[in-house]
Amino acid sequence: MVTSNYIADSDREQCTGCGICSRACPVQAISRVPDPEPRFRKFGRPAIDETLCIGCGVCTLRCKPQAMKLHKRKQRVLHPETTFERIILQCLERGTLQNQLFDNPANLTHASPAPASAASCA
């Protein structure tokens, strides 16, 4: 999943507790937690799960009091520039780069060659 370099955050002072942000989130990254404050009694207070939030900004667009804002992530997200770079990075993550280099990686002829000694080169 591709994420952005931003993450949603809720301003507690401006939030009215309407629950629209959690219903609008396409990945269900905004849950509602109970809060004793009167404005949060019906739907609860929004809580953003930073591991799920992709930073799309849908919640900020739907929030009427503009309590939801996007902030820069602590760690920058890098995206591959080309399809080749994306495939290589995916193969490195999964440990399947050999499948891109060889037709049959299990074949013994594809094993890495032994280092040549200095005597054999003379």
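So, a few notes on the structure that sits alongside this text. Worth saying up front: this structure is predicted, and the values here are computed from it rather than measured.

## Concerning the overall build of the chain
Each helix and strand in the chain was counted, giving five helices and four strands. For the chain, the succession of helices and strands along the chain, N to C, is β-α-β-β-α-β-α-α-α. Contacts in the chain between residues at least 24 apart in sequence constitute 58% of all its contacts with a sequence separation of at least 6. Here the chain has roughly 9,200 Å² of accessible surface; of this, 55% comes from carbon and sulfur atoms.

## Some details on the pattern of salt bridges
If the charged atoms of two oppositely charged side chains come close together, the side chains can form a pair. Evaluated as defined, the whole model comprises four salt bridges. Glu37 is paired through a salt bridge with Arg12; the nearest N and O atoms lie 3.2 Å apart. Within this pair, whereas Glu37 is found in the loop between β2 (30-33) and β3 (45-48), its partner Arg12 is found in the loop between β1 (6-10) and α1 (20-24), the two being separated by 25 residues in sequence. On the accessibility criterion, Glu37 (27% relative accessible area) is partly exposed. By relative accessible area, which is 32% here, Arg12 ends up partly exposed. Among the salt bridges present, the one from Glu37 reaches Arg39, with a minimum N-O distance of 2.7 Å.

## Brief notes about a positive patch on the surface
On the surface, a cluster of positive charge is contributed by Arg23, Lys42, Arg62 and Lys64. Tracing the backbone shows Arg62 in helix α2 (residues 58-62).

## Quick look at unusual backbone geometry
Look at Gln28: it is not a glycine, yet its phi comes out positive at around 50°. Here Gln28 shows up in the loop between α1 and β2. Even without being a glycine, Gln66 presents a positive backbone phi close to 55°. Relative to the assigned elements, Gln66 resides in the loop between α2 and β4 (68-72).

## Regarding the side chain of Asp35
Looking at the element boundaries, Asp35 is found in the loop between β2 and β3. Given a relative accessible area of 11%, Asp35 falls into the buried group. Polar side-chain contacts of Asp35 include one of 2.8 Å to the side chain of Arg12. Among the polar contacts listed, one links the side chain of Asp35 to the side chain of Arg45, at a separation of 3.0 Å.

## Topic: the layout of surface pockets
Space inside the second largest pocket adds up to approximately 170 Å³. Looking at the lining of the second largest pocket, the elements that each hand over two or more residues are β1 and β4. Here the lining of the second largest pocket takes three residues from β1, the largest share from any one element. In terms of residue class, the lining of the second largest pocket is built from three nonpolar, one polar and five charged.

## Some remarks on the state of the cysteines
On inspection of all chains with the given rule, the structure shows zero disulfides. Not part of a disulfide, Cys18 finds its nearest cysteine sulfur in Cys63, a span of 6.1 Å. For Cys18, a relative accessible area of 27% gives the class partly exposed.

What counts and how
- Residues numbered from 1 in each chain as written.
- Predicted model: local features only at pLDDT ≥ 70, side-chain atom pairs only at ≥ 80, totals over all residues.
- Heavy atoms only, no water.
- Helix = DSSP H or I, 4+ residues; strand = E, 2+ residues; numbered from the N terminus.
- Contact = heavy atoms within 4.5 Å.
- Areas by Shrake-Rupley, 256 points an atom, 1.4 Å probe, with all protein chains shown as cover.
- Salt bridge = Lys/Arg side-chain N within 4 Å of Asp/Glu carboxyl O.
- Buried < 20%, exposed > 50% of the residue type's maximum accessible area, 1.4 Å probe, protein only.
- Patch = residues over 30% accessible without salt bridge, like charges linked within 9 Å, V, L, I, M, F, W, Y side chains within 5 Å.
- Lys, Arg positive; Asp, Glu negative; His and termini not counted.
- Charge placed at Lys NZ, Arg CZ, Asp CG, Glu CD.
- Polar contact = N/O pair within 3.5 Å; in protein donor to acceptor, adjacent residues only side chain to side chain.
- 1 Å grid on protein atoms, 1.4 Å probe; cavity = no way out; pocket = protein on both sides within 12 Å on 5 of 7 lines; lining within 4 Å.
- Points joined across faces, edges and corners; volume = space filled by probe spheres on them.
- Nonpolar A, V, L, I, M, F, W, Y, C, P; charged D, E, K, R; others polar.
- Disulfide = S-S within 2.5 Å.

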